[in-house]
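Remarks on the overall topology
The primary structure of each chain is shown beneath.
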Amino acid sequence: MASRDFGEPDVREVRLPLGDAVRIRQNLIEEKKGLLGPRRVIHTLFYAVRPPATDVAVTLLASWTEPVLDEPLEVIVDAIAGTPHL
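These figures come from a predicted structure and were not determined experimentally.

About the criteria used
- Residues numbered from 1 in each chain as written.
- Predicted model: local features only at pLDDT ≥ 70, side-chain atom pairs only at ≥ 80, totals over all residues.
- Heavy atoms only, no water.
- Helix = DSSP H or I, 4+ residues; strand = E, 2+ residues; numbered from the N terminus.
- Buried < 20%, exposed > 50% of the residue type's maximum accessible area, 1.4 Å probe, protein only.
- Contact = heavy atoms within 4.5 Å.
- Expected span 1.5 Å × (residues − 1).
- Arc of directions from axis to C-beta.
- Core = buried A, V, L, I, M, F, W, Y, C linked by side-chain atoms within 4.5 Å.

**Comments concerning the environment of Ile42**
One can find Ile42 in strand S4 (residues 41-49). A relative accessible area of 6% means that Ile42 is categorised as buried.

Now the structure itself:
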């Protein structure tokens with residue numbers, strides 16, 4: 001995504017079934033595509049975990065543009081990642 005930060009990210013260390021992970025909840029603002037029109041805010045929730053038995057990271061990224069979806073999608077993505085809603 002060609003975006004820039006829109007506020008400070010919420011970064012948390014969490015424990016997932018795969019191991020210790022980082023959870024980042026952040027809003028980004030889209031770059032302007034033309035002279036007119038608003039810039040959309042992209043809401044994101046990102047997880048990264050490196051299971052102890054591997055040298056690679058497993059990541060999960062969800063993004064949406066409707067702010068009304070913040071709470072329900074955070075609950076869904078947290079459940080997919082295997083951690084309770086924070």
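**Focus on the side chain of Asp70**
In this fold, Asp70 is placed in helix H1 (residues 70-81). For Asp70, the residues in contact, after removing those within four places along its chain, are Arg25, His43 and Trp64.

**As for the environment of Arg50**
In this structure, Arg50 sits in the loop between S4 and strand S5 (58-64). Take Arg50: its relative accessible area is 54%, and that puts it in the exposed class. The spatial distance from the C-alpha of Arg50 to the C-alpha of Val22 is 9.7 Å, given a sequence separation of 28 residues. Ignoring any residue separated from it by four or fewer positions in sequence, one finds Arg50 in contact with Asp20, Asp55, Val56 and Ala57.

**Observations concerning H1**
In a regular helix each residue adds 1.5 Å, so twelve residues correspond to 16 Å; H1 covers 16 Å between its end C-alpha atoms and thus fits that length. Looking only at H1, the buried set comprises Asp70, Glu74, Val77, Asp78 and Ala81. Looking straight down H1, one finds that the buried residues subtend no more than 100° of arc, so they occupy a single side. Facing away from the buried side of H1 by over 90 degrees, the exposed positions are Ala79 and Ile80. Buried residues in H1 make contact with strand S2 (10-16), strand S3 (19-30), S4 and S5. Of the residues flanking the end of H1, it is Gly82, one or two places downstream, whose phi is positive at about 95°.

**Section: the nonpolar core**
Within soluble globular proteins, side chains that are nonpolar generally end up buried alongside one another. In this structure, Val14, Leu16, Ala21, Leu45, Tyr47, Val49, Ala62, Trp64, Val77 and Ala81 together form the largest nonpolar core, which totals ten residues. At the level of secondary structure, the elements contributing two or more residues to this core comprise S2, S4, S5 and H1. With three residues, S4 is the largest single contributor of residues to this core.

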